[in-house]
Amino acid sequence: MAKMNTGIAYVILIRRPSLQSFGRRRPCGVAIILTSKTVSPCRMAGSTVGFDGIVDGSDINWHHVSPLQFPSRATLQSWSHPTMTLHERIKSKTTRQGWVLPRQTTSFADPGAWTNVDCDVTPLNRRTWSAWTMFGYWFSDALNAQSWMAPASIIALGLTWREAIVCIIFGSLVCTVPLVLNGMVGARLHIPFPVAMRASFGWYFSRFAVVTRAITALFWHAIQTYTGSTAMTQIIRSIWPSYLDIPNNIPDSVGITTQGMISHLIFWLVQFPILLIPPHKLKWFFVAKCVLVITTSVAVVITMTSKAGGAGDIWNLPYGVHGTDRSWLILSSLSSITGGWATMATNIPDFTRYLKTDKGVYWQVAFLPGIQLMLGLFGIICCSASKVVYGKYIWDPLEIASHWDGPSGRAGAFFVGLCWVVAQIGTNLSANVISCANDIMCLWPKYLNIRRGVIITTVIAGWVMQPWKIIHSAQSLLAFMAGLGIFLAPIAAMLSADYWVVQKQMYDIPGLYRAHGRYRFNKWGTNWRAAVAFLISVVPSIPGMAASVDPSIKGTIGDADKLYFMFYFWGYTSAFLVYIGLSYFFPAPETHIAATIYEDSDIISAAEGLDKGDSELGDEKKMGEKEVVSSV
């Protein structure tokens, strides 16, 4: 039975049970302040407080409050919002204190520091993912319009379908290396990416990695949302063909038409509530997306090959480049495919933290290349058939559907549009929104949880950043976004190197949550070894990135652009090796421990878990991990 510490005030918010079974609620609540030295938060009225916070029909929320940080009236109201009227809840949000989240009392954080359940170690009741969930997750992430059109960018360079297939397979396989290495950090320790980065970058420098990842996610969420709006257009025009005839009242300088803006608004409104689903409850959405996208994709392939009387003639296209230029293009295409997954390879712990066991992490080696290959082949076949049917190569599946008229054609266009609407929402969920929400949540845990982070992310990406301008009038910005992989590669590399080689898979989990713990490194909260490795990895690729943004300077950088052709291979391997070398010759002894520390009072040997053959380094009882009490 846990006891409260002497001299600490605790606030208990109790409300009567809601009459949900009768379709109505009668809220009534009271706040009690307890300062007893021996009050137990685990028992009340002879009943044990369960994980869901229910005792004898009453909902209990425990909030640990320092005497020096006693909550304001607005804060207390925000904690007890289930008992408040709508007017009271809105009024409580008019002050900054009204937005304060309940402080997580079972956290490892320093006394007085604020954290919340989404930032802490994943509670046992949220570890719901299995290997099949990871399968659905990768189908949700990889099944999107960009993956369908990936071969187009390779063939357009002058290569053939053979090189496109090779680049897709091996580029994806290379990416599974950091996906597995970094995925294990989340699967075994159940901590999010921003927290994991503190071990290698330091308390403050890790925020640079977090912000870099968040910015990347924002940009890609904006683009994926706009792509989803084009799919929404096909759904609407299949029902009301005159929708395409809506007059445009928006100036050309804006970069979008009236009809396009309506589609964007409708898609954003449809996407918004789905984005609010908690990550640990997403597995059924992944299943639904898999069934819908695969079924529709196969149907599109059958339809196009039937119309064309075969698979077309794209298989016979000659090379457009020769000699060393072709070799460099192949290498560049490989790196581009790998770099396209650089974001996920970096923050994959944000998702693997929800796994029950770590076995699902290994399946990524088969999932990602297989899904990419399947969708890439679908794209090549349909594009080849479109040349026969429509007289030109069409890579975009939505553009293909736009040619389908008549009752049966519009019905087909509806399902294609629905397919890619769901596909883009799933990709936004798995690759962009949750990632960015995790990042900004860990920067401001007092005010932000994942749900609030999702709202901020999708509002900024969908409207503030004006994705239609990014697509139509900022090619240099698109090139810059593609080049952000040069910054993400060393971040992913040092997370892998630190966990697997430098620390030998042994982290002090409580120490990761403490500003002055073993992972602070120095008064600046920066691991200089990570900073040096980052610079060595990034600086050589900057000239090539600059030339991709502004082609006019290409003649002034010599052969530096060649290194940029393989930016991910160079960035990952150089940072990985340099970080290990610096950590070996200039070790930080305070960070080296003999076994993983899961709690302040428990030290569990990694060898013990391996000897028993347990994939989670010992079962949950032996781990003694804390069940982090969730907050509403």
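So, how was this worked out
- Residues numbered from 1 in each chain as written.
- Predicted model: local features only at pLDDT ≥ 70, side-chain atom pairs only at ≥ 80, totals over all residues.
- Heavy atoms only, no water.
- Salt bridge = Lys/Arg side-chain N within 4 Å of Asp/Glu carboxyl O.
- Buried < 20%, exposed > 50% of the residue type's maximum accessible area, 1.4 Å probe, protein only.
- Patch = residues over 30% accessible without salt bridge, like charges linked within 9 Å, V, L, I, M, F, W, Y side chains within 5 Å.
- Areas by Shrake-Rupley, 256 points an atom, 1.4 Å probe, with all protein chains shown as cover.
- Helix = DSSP H or I, 4+ residues; strand = E, 2+ residues; numbered from the N terminus.
- Contact = heavy atoms within 4.5 Å.

Asks: Would you mind going over the pattern of salt bridges with me for this structure?
Replies: Working definition: two side chains of opposite charge can pair if their charged atoms are close together. Counted according to the given criterion, the structure contains seven salt bridges. In this structure, lysine 392 and glutamate 399 form a salt bridge, with 3.6 Å as the shortest nitrogen-oxygen distance. On the basis of relative accessible area, lysine 392 is assigned to the partly exposed category, the value being 41%. Given a relative accessible area of 32%, glutamate 399 falls into the partly exposed group. The salt bridge involving aspartate 559 is made with lysine 562; its shortest N-O contact spans 4.0 Å. The exposed category is assigned to aspartate 559, whose relative accessible area is 59%. Look at lysine 562 and you get partly exposed, because its relative accessible area is 24%.

Asks: What should I look at first to understand a nonpolar patch on the surface in this one?
Replies: A surface patch of nonpolar side chains, about 660 Å² in accessible area, is lined by Trp528, Val532, Ile536, Tyr584, Phe585 and Phe586. Broken down by element, the residue count for the nonpolar patch peaks at three residues, all from helix H23 (residues 528-538). Position of phenylalanine 586 among the secondary structure elements: in the loop between helix H26 (567-585) and strand E7 (596-597). You can call phenylalanine 586 partly exposed: its relative accessible area is 46%.

Asks: Can you walk me through the environment of aspartate 508 in this structure?
Replies: Within the fold, aspartate 508 resides in the loop between helix H22 (485-502) and H23. Residue aspartate 508 is classed as buried on the basis of its relative accessible area of 9%. Separated by 83 residues in sequence, aspartate 508 and threonine 591 have C-alpha atoms that sit 8.2 Å apart. With near-sequence residues (within four places) excluded, aspartate 508 lies in contact with Arg518, Tyr519, Ile593 and Ile597.

Limitation: the analysis is restricted to geometry and does not speak to function.
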